[in-house]
Amino acid sequence: MTEPFVTPFDGQTTAGEVLKGIDLTGRRYIVTGGASGIGLATSRALIKAGAEVTVATRRPSGDDRALDLSDLDSVRAFTEAWDGPLHGIVANGGVMALPTRETASNGWELQLATNFLGHFALVTGLHANLRAAGESRVVVVSSGIQVKGAFDFEDPQFQRQPYDPWKAYRNSKVAGSLFSVALARRWAADGVLANTADPGYVATNLQRHLDEDTLRAFGMAGENAVLPDYFSTPEQAAATNVLLAAYPLPKEVTGRYFIYCQEAEHVPGGPDAPGGVAPWSLDPAAADRLWELAEKAL
Ligand SMILES: NC(=O)c1ccc[n+]([C@@H]2O[C@H](COP(=O)([O-])OP(=O)(O)OC[C@H]3O[C@@H](n4cnc5c(N)ncnc54)[C@H](OP(=O)(O)O)[C@@H]3O)[C@@H](O)[C@H]2O)c1
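- An unreviewed UniProt entry annotates the protein as NAD(P)-dependent dehydrogenase, short-chain alcohol dehydrogenase family originating from Paractinoplanes atraurantiacus.
- Its UniProt record, at the heading Sequence similarities (unreviewed entry), says of the protein: "Belongs to the short-chain dehydrogenases/reductases (SDR) family."

Structure (structure tokens):
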């Protein structure tokens, strides 16, 4: 394994602190899901550092641009309308643990379609624009759930097995990490660095599909609810996004998995693994297999 890349930051660092003293004037970014939660904190920090940020959202207001990640026609319309160089995409939009199996317009299970396939279509559709920037970044937002189990290539759409909301979310987030591994390998010569950001735990709209008991267990519901100490603020979680999107990185820092502004520990993974990144989330062969699956779907 290559040496981990060490930064001066940690889990307490905010996105604004990572970008302190960095001038992003003239640099153009897209942040999906950039109108709420971690995406909003990411957009704000990039804008404050001088970047031009396009917030891609289902419910655009002001200068936002419409994008529904679960609808490949919407993604295509977005990429076709984009003009000129692009310095970074923060692939942050997502949904979690939909209680029943829902499908996107192309028939894919909705979490995999939204969190992974929509971003695959977006990023690959903007390849020429990222290349035109000379140096650019792709940040794929994954989740600690990737450490619990590998991507299920046998039945990713839950056509043969009963639908499991968390397994579907996990598939989509392992897929995200594998996507940055594949991008790093394929687009290095184009000056594109692609890495994965894990936000840790943050109280946002993402948890809206969780039931009352689960929310209570997380300290997110009930009288006198108190979030556990290990929760981050959106500004702290966004720090890893902007680190990977805009902080100076050597060209070797690509295809890697970060949390709390540092590279995650490489661990064996499994249902009881407490943290770190699992081998199946960084596996180049699985990354290629997933790329082919996604290409076929486009
Ligand atoms: N919060 C956590 O603890 C945590 C932990 C690990 C990973 N993450 C990841 O962090 C990312 C940001 O989540 P968050 O916590 O900030 O939650 P959030 O506030 O719910 O933000 C998610 C964003 O994704 C957008 N989105 C959902 N479906 C979309 C679609 N079909 N097309 C376009 N945009 C869509 C949402 O936009 P709408 O307003 O249109 O719904 C929303 O802005 C997600 O990828 C999530 O999986 C979060």
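Here's the deal with the side chain of Thr 114
- By the element assignment, Thr 114 lies in helix H4 (residues 110-125).
- A residue is classified by how much of its surface remains accessible, and Thr 114, at 10% relative accessible area, is buried.
- At 2.7 Å, the side chain of Thr 114 forms a polar contact with the backbone oxygen of Leu 110.
- Those residues in contact with Thr 114, other than ones at most four positions away along the chain, are Leu 69, Ser 70, Gly 94, Val 95 and His 119.

Topic: the packing of helix H6 (residues 165-187) against helix H9 (residues 284-297)
- Taken N-terminus to C-terminus, the directions of H6 and H9 make an angle of 95 degrees; their axes are 8 Å apart at the nearest point. With respect to each other, H6 and H9 are oriented roughly perpendicular. From H6, Ala 175, Leu 178, Phe 179, Val 181, Ala 182, Leu 183, Arg 185, Arg 186 and Trp 187 reach across to H9, where they touch Pro 284, Ala 286, Ala 287, Asp 288, Leu 290 and Trp 291.
- Here the contact of H6 with H9 is composed, by residue class, of 12 nonpolar, no polar and three charged.

So, the site of the ligand
- Around the ligand, 29 residues are found, and the nearest of them are Arg 58, Asn 92, Tyr 169, Val 202 and Thr 204.
- Between an oxygen atom of the ligand and a side-chain N or O atom of Tyr 169, the distance comes to 2.7 Å.
- Between the ligand and Lys 173 there is a distance of 2.9 Å, counted from an oxygen atom to a side-chain nitrogen or oxygen.
- In the complex, the protein chains occlude 95% of the 880 Å² of accessible area that the ligand would expose alone.
- Residues belonging to the shell around the ligand are distributed by class as follows: 10 nonpolar, 14 polar and five charged.

Some thoughts on the sheet that holds strand E3 (residues 65-66)
- Taking strand neighbours across the sheet as the criterion, the eight strands line up as E3-E2-E1-E4-E5-E6-E9-E10 in an open arrangement whose pairing is mixed. Both edges of this open sheet fall to E3 and strand E10 (262-263), since each of them pairs with a single strand only.
- Bridge count between strand E5 (residues 136-141) and strand E6 (residues 192-198): six bridges; the pairing is parallel. Within the sheet, the bridge partner assigned to Val 138 lies in E6 and is Ala 194.
- Against the sheet, H4 touches strand E1 (28-32), strand E4 (88-91) and E5, its axis set at about 175 degrees to E4.
- H6 contacts E5, E6 and strand E9 (257-259) of the sheet and is inclined by roughly 160 degrees relative to E6.

As for a nonpolar patch on the surface
- Together, Tyr 201, Tyr 230 and Tyr 260 give the surface a local cluster of nonpolar side chains, amounting to about 300 Å² of exposed area.
- Given a relative accessible area of 33%, Tyr 260 falls into the partly exposed group.

Calculation criteria
- Residues numbered from 1 in each chain as written.
- Predicted model: local features only at pLDDT ≥ 70, side-chain atom pairs only at ≥ 80, totals over all residues.
- Heavy atoms only, no water.
- UniProt positions renumbered as here; feature names shortened; annotations may be inferred.
- Helix = DSSP H or I, 4+ residues; strand = E, 2+ residues; numbered from the N terminus.
- Buried < 20%, exposed > 50% of the residue type's maximum accessible area, 1.4 Å probe, protein only.
- Polar contact = N/O pair within 3.5 Å; in protein donor to acceptor, adjacent residues only side chain to side chain.
- Contact = heavy atoms within 4.5 Å.
- Axes fitted to C-alpha atoms, helices over the stretch in contact; angles between N-to-C directions.
- Parallel < 35°, antiparallel > 145°, perpendicular 65-115°, else oblique.
- Nonpolar A, V, L, I, M, F, W, Y, C, P; charged D, E, K, R; others polar.
- Near = heavy atom within 4 Å.
- Areas by Shrake-Rupley, 256 points an atom, 1.4 Å probe, with all protein chains shown as cover.
- Pairing = 2+ DSSP bridges.
- Patch = residues over 30% accessible without salt bridge, like charges linked within 9 Å, V, L, I, M, F, W, Y side chains within 5 Å.
- Salt bridge = Lys/Arg side-chain N within 4 Å of Asp/Glu carboxyl O.

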